[in-house]
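Structural overview
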Amino acid sequence: MTRVLGIETSCDETAASVVTRDASGKPQIISNIVLSQIEEHVAFGGVVPEIAARAHVTALDGVIRAALDEAGMKPADVDAVAATAGPGLIGGLIVGLTTAKAFAAALGKPLIPINHLEGHALTPRLTDKVAFPYLLLLVSGGHSQIVEVRGVGDYRRWATTIDDALGEAFDKTAKLLSLPYPGGPNVEKAAKTGDPKRFSFPRPLKGEARPDFSFSGLKTAVRRTATELAPLSPQDVSHICASFQAAVTESLTDRVARSLTRFREEHSGVTTPTLVVAGGVAANLTIRAALDATAQEAGFQLVAPPLQLCGDNAAMIAWAGLERLEAGLAEEAPMNFRPRPRW
Ligand code: KG4
Ligand code: ZN
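Since the structure is predicted, the reported quantities are computational estimates derived from the model, not experimental observations.

**Looking at the overall build of the protein**
Along the protein, the regular secondary structure elements total eleven helices and ten strands. Computed over its C-alpha atoms, the radius of gyration of the protein comes to 20 Å, within 12% of the 20 Å expected for a compact globule of 343 residues. In terms of principal-axis extent, the alpha carbons of the protein reach across some 60 × 50 × 30 Å. In the protein, the share of contacts with a sequence separation of at least 24, taken over all contacts with a separation of at least 6, comes to 73%.

Written as structure tokens, this is what we have:
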């Protein structure tokens, strides 16, 4: 069985993983190491690229060793090396891709540069054997997109954000409210004890024909409310978080519903179509529940990867590498392949 080592260093997680298929062909994650740099960035309220790059340099060799150890493998047992080549922070990408090149060159194994977004896009096939075609909602710190996933390497973007990404909106709202980085999970936590109807924030683009997202107007509304109420009590913060979360959720599901209709029209032969939600924001349980209801209403099944595979990890990169190998799309990666920060 082909065993692919995956490496992910595009943002603030240093990660390595080995993925294969078992004897029956079922995808198998044999090891999955994720070292978060949160501690190193928390004092700055966000990811500092230079600190991230240095931390990847320090950590990556050990993380790869840990992934091989956990898999009970020696370096020579690896059949191919997949690494995130973009999009992401250039320093981290250089560290991960250069390490992958060295590993592949030293052992004479294929190098497979992976687009980080493809990693998120193919994760549901690793965890839930989802068949092509399906509709992907990718909501992370850097991206908010709806993508028609037709096959390995065959993706059509149907919708994107016209300003901030959804995770970015969570992170900026958290910062406004002096909640610690990373913002998303802390906003979700604070929202639990707040009233989602306390403030009526806008539902950007709701009801509009274009399929895209917009989240920056919300941030402005949150800032206005926070300024009016200052100084904020913990209860104010909870109410703002709950109301913000309700607003983004309603805007998001309205936008998604549009693409579900389109998918139905274009793929009328698919009996139970699938909506996949991936990316860091997919960890948000309120958003998941709302998407589930929206999907069901439209006759779709919702597939959401387990929480630890929603955020950045290397299992998704190794898996994308394995899918590319199996599809014959991993032959030609040259050793001079360059990182693509804006891929
Ligand atoms: O996919 P990811 O780990 O990294 C990127 O590729 O961006 O996504 C990170 C983003 C951050 O903006 C973070 O605040 C957000 O996902 N996030 C959440 C939650 N957990 C992570 N947003 C809302 N609710 C959460 N529970
Ligand atoms: Zn990501």
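**Thoughts on the environment of Gln245**
Among the structural elements, Gln245 can be located in helix 8 (residues 234–266). Under the C-beta neighbour-count criterion, Gln245 is labelled buried, with 25 such atoms within 10 Å. When the C-alpha atoms of Gln245 and Lys206 are compared, they prove to be 15 Å apart, with 39 residues separating the residues in sequence. Look past the residues within four positions of Gln245 in its chain and what remains in contact with it is Val187, Glu188, Ala191, Pro196 and Thr286.

**Here we look at the site of ligand 1**
What surrounds ligand 1 is a group of 20 residues, the closest being Gly141, Gly167, Gly184, Gly280 and Asn284. Residues that form the shell around ligand 1 fall into these classes: six nonpolar, ten polar and four charged. Both domains that meet at the shell around ligand 1, namely domain 1 (4–122 + 310–326) and domain 2 (131–304), each give it at least three residues.

**Quick notes on the sheet that holds strand 3 (residues 27–36)**
Taken in spatial order, the five strands make up an open sheet running 3-2-1-4-5, and their pairing is mixed. Pairing within the sheet leaves two strands with one partner each, and these edge strands are strand 3 and strand 5 (111–115). Across the sheet, the mean angle from the axis of one strand to that of its neighbour is 20 degrees, orientation sign disregarded. With nine bridges joining them, strand 2 (residues 13–21) and strand 3 adopt antiparallel strand pairing. When the bridges of strand 3 are listed, Thr14 appears paired with Leu35. Relative to strand 2, helix 2 (residues 49–71) is tilted by about 25 degrees, and along the sheet it contacts strand 1 (4–8), strand 2 and strand 3. Contacting strand 1, strand 2, strand 3, strand 4 (80–86) and strand 5, helix 11 (residues 315–326) runs over the sheet at an angle of about 135 degrees to strand 1.

**Side note on the packing of helix 7 (residues 216–229) against helix 8**
Axis separation between helix 7 and helix 8 bottoms out at 11 Å; the angle between their running directions is 160 degrees. As summarised for this structure, helix 7 and helix 8 are arranged roughly antiparallel, according to the angle between their axes. For the pair helix 7 and helix 8, the crossing hand works out as right-handed. Side by side, helix 7 and helix 8 meet where Leu218, Val222, Thr225, Ala226 and Leu229 of the first sit next to Asp236, Ile240, Phe244, Ala247 and Val248 of the second.

**Concerning the packing of helix 2 against helix 3 (residues 90–107)**
Where helix 2 meets helix 3, the axes come as close as 7 Å, and the angle between the chain directions of the two elements is 20 degrees. In terms of orientation, helix 2 lies roughly parallel with respect to helix 3. As for how helix 2 packs across helix 3, the hand of that crossing is right-handed. Within the contact between the two elements, helix 2 uses Pro49, Glu50, Ala52, Ala53, His56, Val57 and Leu60 and helix 3 uses Gly91, Gly92, Val95, Gly96 and Thr99. Partitioning the contact of helix 2 with helix 3 into residue classes produces six nonpolar, five polar and one charged.

**Quick notes on the nonpolar core**
The biggest cluster of nonpolar side chains holds 101 residues, and the ones touching the most others in it are Val81, Ala82, Leu136 and Ala318. When residues in this core are grouped by element, the largest group, twelve residues, is from helix 8. Three or more residues apiece are contributed to this core by two domains, here domain 1 (4–122 + 310–326) and domain 2 (131–304). Setting aside residues up to four positions removed in sequence, Ala318 forms contacts with Val4, Leu5, Gly6, Ser17, Val18, Val19 and Ala82.

**Points about the UniProt feature "domain: Gcp-like" (unreviewed entry) in the protein**
UniProt annotation of "domain: Gcp-like" (unreviewed entry) refers to residues 28–319 when read in the numbering used here. Between the end C-alpha atoms of residues 28–319 the distance is 9 Å, and the span holds 50% helix and 17% strand.

Rules used in this analysis
Residues numbered from 1 in each chain as written. Chains lettered and ligands numbered in written order. Predicted model: local features only at pLDDT ≥ 70, side-chain atom pairs only at ≥ 80, totals over all residues. Helix = DSSP H or I, 4+ residues; strand = E, 2+ residues; numbered from the N terminus. Rg over C-alpha atoms; globule rule 2.2 N^0.38 Å. Contact = placed C-beta atoms within 7 Å. Buried ≥ 20, exposed ≤ 12 C-beta atoms within 10 Å, placed from the backbone. Near = placed C-beta within 6 Å. Nonpolar A, V, L, I, M, F, W, Y, C, P; charged D, E, K, R; others polar. Domains from an automatic or database assignment. Pairing = 2+ DSSP bridges. Axes fitted to C-alpha atoms, helices over the stretch in contact; angles between N-to-C directions. Parallel < 35°, antiparallel > 145°, perpendicular 65-115°, else oblique. Left-handed = near helix turned anticlockwise from the far one by under 90°. Core = buried A, V, L, I, M, F, W, Y, C linked by C-beta atoms within 7 Å. UniProt positions renumbered as here; feature names shortened; annotations may be inferred.

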